[in-house]
Amino acid sequence: MIASVDKLITQAEEFITLYYREKGLTGVEKRLDEVRKEVAFTETYTHTYDELEFGAKVAWRNSNRCIGRLFWKTLKVIDKRCLSTSDEVFEALLNHIGYASNEGKIRSTITIFKANPKNQPPKVRIWNPQLIRYAGHQQPGGAIIGDPALVEFTQVCKKLGWKGQSTAFDVLPVVIQAGESTPNLYSIPASHILEIPIEHPKFTWFRVLGLRWHAVPIISNMVLEIGGVHYNAAPFNGWYMLNEIASRNFGDATRYNMLPTIAQNMGLDIQAKHSLWQDRALLELNEAVLYSYKKSGVSLVDHHTASDQFMHFVDTENKQGREVNADWAWITPPFSASATQVFHQEWPNKVVSPNFYYDFPAWQKNGSLALQQAKKCPFHIYD
Ligand code: ARG
């Protein structure tokens, strides 16, 4: 207990000092005294809005796996620490979705709910990995309709009473838990969900595949850590990079697994082992997603542009005297990697604070396996 208070004070001091230094503010000693006293009395402390805003932006700047960090200063930080009930939280999430979607001109946004209290369960918990995701319906024979990555969470939703339509693109409900009460399920009105039907500029058959994807990826299962304070409910979004949807969500054999279907429609022989049919299908799939997002007027960055932007970020950070940490395997795009500059670089991969960490799913909170894995991983956090 004492040790953890000491640790919190050290983390708070580091963060507050960083904030005053980078912002060029005076009066750091006074604020440090205040924070030390608050921690001594309450075992935690409360960030001012400005500290929260700065902390969230720097957590993005420090996200080693993110290629889009050039824009860290533009993050819109919405402070919803005052909300307690799941109804209020859901309303704030709808506002987040609306603000971030912005009719396609996506705005990077984070909404921050109550901080985790010391040695107590979080006050607000969002169970979804992202606010908008498609269900994975496991069929009795083993086949999956929808997104295989979401099978477990879909089962959790069904246990809580959700049904779904059993289509390949059923948007899951938002599961919100206030305190220790049973979680509540909310469905996002269709009017709030911007989706893009996928078509190809030349192949008319592509549209018939019925692929679609949502405009905004809003990560809701990571913990924002600022100066030792943990915000487990702090959903955030940027805009998509092309590869995430085309190569991974649609292309991965363990996701929508579309490469064989696309290759066959292109008239390629998918039995021929070394014919590069996967590569040709991947290229057309990438072109289709890029074309469709552009046509719908929805922000999306291709991997070449994203790589250039990241190199620019590294440059501007270095000019500020800051070293960039990055996780090469995540920064490097999965498709046409070597044609991008980031492929040819190396970076240290140190995790620095503030940052975002993985939490294990709320429904597995006491799962010892998840806990053990979390303890081994520097990107995980646990209280
Ligand atoms: N890869 C995730 C997905 O396909 C999204 C991760 C966050 N991506 C982003 N561009 N901010 O949904």
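I will try to describe carefully the structure that is included in this document.

### What about the sheet that holds strand β10 (residues 218-219)?
Taken in spatial order, the four strands make up an open sheet running β1-β2-β13-β10, and their pairing is mixed. Whereas interior strands pair on both sides, the edge strands pair on one side only; in this sheet they are β1 (76-79) and β10. Judged from the two bridges that link them, β10 and strand β13 (residues 236-237) form a sheet pairing that is antiparallel. Following the sheet pairing, Ile-219 is matched in β13 by Phe-236. The strands that helix α3 (residues 49-61) touches are β1 and β2 (109-112); relative to β1, the one it contacts most, it runs at about 135°. In the packing of helix α4 (residues 86-101) onto the sheet, the strands contacted are β1, β2, β10 and β13, and the crossing angle to β2 comes to about 165°.

### Looking at the pairing of β1
Across four bridges, the pairing between β1 and β2 is parallel. Within β2, the residue paired with Val-77 across the bridge is Ile-110.

### Topic: the nonpolar core
Phe-113, Ile-198, Trp-213, Phe-250 and Tyr-293 are the most contacted members of the largest nonpolar core, which has 50 residues in total. Elements with a minimum of two residues in this core: α4, β3 (124-126), β6 (174-178), α6 (242-250), α7 (259-265) and α8 (277-296). When neighbours within four sequence positions are excluded, Tyr-293 is seen to be in contact with Ile-196, Ile-198, Trp-213, His-214, Ala-215, Tyr-240, Ile-245, Val-298, Ser-299 and Leu-300. Judged by nonpolar contacts, the second largest core, of 45 residues, contains Tyr-19, Tyr-231, Val-301 and Val-342.

### Notes on the packing of aromatic side chains
Applying the stated rule across the entire model yields 19 aromatic pairs. Centre to centre, the rings of Trp-127 and Trp-363 are 6.2 Å apart; their planes meet at 45°, and the pair counts as tilted. Residue Trp-127 is located in the loop between β3 and β4 (136-138), and its partner Trp-363 is located in the loop between β16 (355-358) and α11 (368-376); the two are separated by 236 residues in the primary sequence. When its relative accessible area of 13% is taken as the criterion, Trp-127 is described as buried. Aromatic ring contacts, followed pair by pair, group Tyr-134, Phe-169, Trp-213, Phe-250 and Tyr-256 into a single cluster. Its end group placed over the ring of Trp-72, Arg-61 keeps NZ or CZ at 4.7 Å from the ring centre. A cation over an aromatic ring shows up here: Arg-107 above the ring of Tyr-99, its NZ or CZ 3.8 Å from the ring centre.

Calculation notes
- Residues numbered from 1 in each chain as written.
- Predicted model: local features only at pLDDT ≥ 70, side-chain atom pairs only at ≥ 80, totals over all residues.
- Heavy atoms only, no water.
- Pairing = 2+ DSSP bridges.
- Helix = DSSP H or I, 4+ residues; strand = E, 2+ residues; numbered from the N terminus.
- Contact = heavy atoms within 4.5 Å.
- Axes fitted to C-alpha atoms, helices over the stretch in contact; angles between N-to-C directions.
- Core = buried A, V, L, I, M, F, W, Y, C linked by side-chain atoms within 4.5 Å.
- Buried < 20%, exposed > 50% of the residue type's maximum accessible area, 1.4 Å probe, protein only.
- Phe/Tyr/Trp six-rings, centres within 6.5 Å; stacked < 30°, edge-to-face > 60°.
- Lys NZ or Arg CZ within 6 Å of the ring centre and 35° of its normal.

Treat this as a map of the structure, not an account of what it does.
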